[in-house]
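# Reading the structure
Read off the chains here:
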Amino acid sequence: MPLKQIAFMFFISVLLVVAACGGGETEPTAAGDAEFTIRNPIIVSEDNFVAITMKKFKELVEEKSEGRIVVENYYNGTLGASDEEALQLVFDGNAEIFGMSSFVGAQATNVDALNIFDVPFLFEDRNEFYEFVHSPIAEEIFQSFEEETNTKIFGAYDIGYYGILNNTHPIEEPSDLQGLTLRTPQSSMYMDLVEVLGGNPSPITQAEVYSALQQGTIDGLMTTLPLMHDYQYHELGKFITETAHSYVPYVMTMNGDFYHHLPPELQEAVEEAAEEMIDWSIKYVEEEEAEAMKKMEEDGSEVISLTPDQRELFFEAVQPAIEKNIESVGEDTYQQVLDWLEEK
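Below is a short write-up of the structure. Computed from a predicted model, the values in this text were never measured in an experiment. (Residues numbered from 1 in each chain as written. Predicted model: local features only at pLDDT ≥ 70, side-chain atom pairs only at ≥ 80, totals over all residues. Heavy atoms only, no water.)

Attention now goes to the packing of aromatic side chains. Per the stated rule, a full pass over the model turns up 18 aromatic pairs. Between Phe123 and Phe132, the aromatic rings sit 5.3 Å apart at their centres with planes inclined by 35°, giving tilted as the arrangement. Take Phe123: its relative accessible area is 6%, and that puts it in the buried class. Residue Phe132 is classed as buried on the basis of its relative accessible area of 0%. Summarising the aromatic geometry, the rings of Phe129 and Tyr247 are spaced 5.5 Å apart at their centres and angled 25° between planes, so their arrangement reads as stacked. (Phe/Tyr/Trp six-rings, centres within 6.5 Å; stacked < 30°, edge-to-face > 60°. Buried < 20%, exposed > 50% of the residue type's maximum accessible area, 1.4 Å probe, protein only.)

For the pair helix α5 (residues 126-133) and helix α14 (residues 331-343), interaxial distance at closest approach is 12 Å and the crossing angle is 120°. Considering the angle they form, α5 stands oblique to α14. Relative to α14, α5 is oriented so that their crossing is right-handed. Here Glu128, Glu131 and Phe132 of α5 lie close against α14, whose contacting residues are Val337, Trp340 and Leu341. Across the contact of α5 with α14, the residue classes break down as 4 nonpolar, no polar and 2 charged. (Axes fitted to C-alpha atoms, helices over the stretch in contact; angles between N-to-C directions. Helix = DSSP H or I, 4+ residues; strand = E, 2+ residues; numbered from the N terminus. Parallel < 35°, antiparallel > 145°, perpendicular 65-115°, else oblique. Left-handed = near helix turned anticlockwise from the far one by under 90°. Contact = heavy atoms within 4.5 Å. Nonpolar A, V, L, I, M, F, W, Y, C, P; charged D, E, K, R; others polar.)

This brings us to empty space enclosed by the protein. Gaps left between atoms are located by rolling a probe of water-molecule size over the structure's atoms. For the structure shown, the criterion picks out 1 cavity of 30 Å³ or more. The space that makes up the largest cavity amounts to roughly 40 Å³. Split by residue class, the lining of the largest cavity holds 6 nonpolar, 2 polar and no charged. (1 Å grid on protein atoms, 1.4 Å probe; cavity = no way out; pocket = protein on both sides within 12 Å on 5 of 7 lines; lining within 4 Å. Points joined across faces, edges and corners; volume = space filled by probe spheres on them.)

So, about helix α7 (residues 188-196). Among the residues of α7, those classed as buried are Met189, Tyr190, Asp192, Leu193 and Val194. Along its buried surface, α7 packs onto α4 (102-108), β4 (151-166), β5 (181-183), β6 (200-202), β7 (220-224) and α13 (319-329). Where α7 terminates, the next one or two residues include Gly198, which has phi positive at roughly 95°.

Turning next to the pairing of strand β8 (residues 239-242). Alternating residues of β8 divide into Phe239 and Thr241 and Ile240 and Glu242, and every residue in both groups is buried. Here 3 bridges tie β4 to β8, and the two strands are oriented antiparallel to one another. Bridge assignment links Asn166 to a residue of β8, and that residue is Phe239. (Pairing = 2+ DSSP bridges.)

What follows is about helix α11 (residues 264-298). Its 35 residues give α11 an end-to-end C-alpha distance of 50 Å, which sits within 8% of 51 Å, the value for a rise of 1.5 Å per residue. Once α11 finishes, Gly300 follows within two positions and takes phi at roughly 105°, a positive value. (Expected span 1.5 Å × (residues − 1).)

Here it is, written out as structure tokens:
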């Protein structure tokens, strides 16, 4: 066989191997046939329940746009290694959409009112949380964010309510947190909450949590039940308390220039897809929450559900943390929400 032909065949073989190995971090797309591409940075792995909600968005957008828009999902932090980086990519136009945690949006902007979602025990349950998400107050907060950042918000869904996992003992009352070192989100409200209950907050990254539990650097963490199960934290901490002190909203946020550049019919397609995806995700996350709890109990975890009286004790105990952080929320916003909760 001529040397040139051998070289050509080797080159084609290398290309095929590269193509086969390169598909692990993004989903296959037909971008060559599409008019627009939406890049979506996803911090978690492809099989994580949050990623599955984003797969639903991809499916709906491509279906409703009849292939004129393709969505590229980038998993495992391959496009933006953290929530903060991913949101900045959207701001800069280097990604088109991102599911933003509310406290990350607050930290990245001057829209302090987004911190309202961090206030512990503010909402009685998930239904009240969604009543607020669709209230004029929340709409005004989201609009302020859009105006400051040149973005388009399609709505929000929660990724589960917060609980506390630890490897030491059951937590049934505030004093049970005394002396425990707990991983918290990088939010002053969450860190102060642990501190006023006698614990030691440790805002390490999600990637460090498992090894920190193994090494005893932390005794536990504060996160949602599906994440406890997905990351297998329950293998290292068998005591789980359903405090449900906070719901974490994921706010579907798109780059404003990209959105406004779309033809009207494609804007409508994306909006419809986002709305349907959010409705689907709300139900899906509830199912994942129940399934995570069931599986963790089957694996030997002890799950403690607070009674109304126990919940009231926690609510009273965390008031100093709330008072300390009211300025980060905005006193007017906080009072406005309290009035809305009282009047509704």
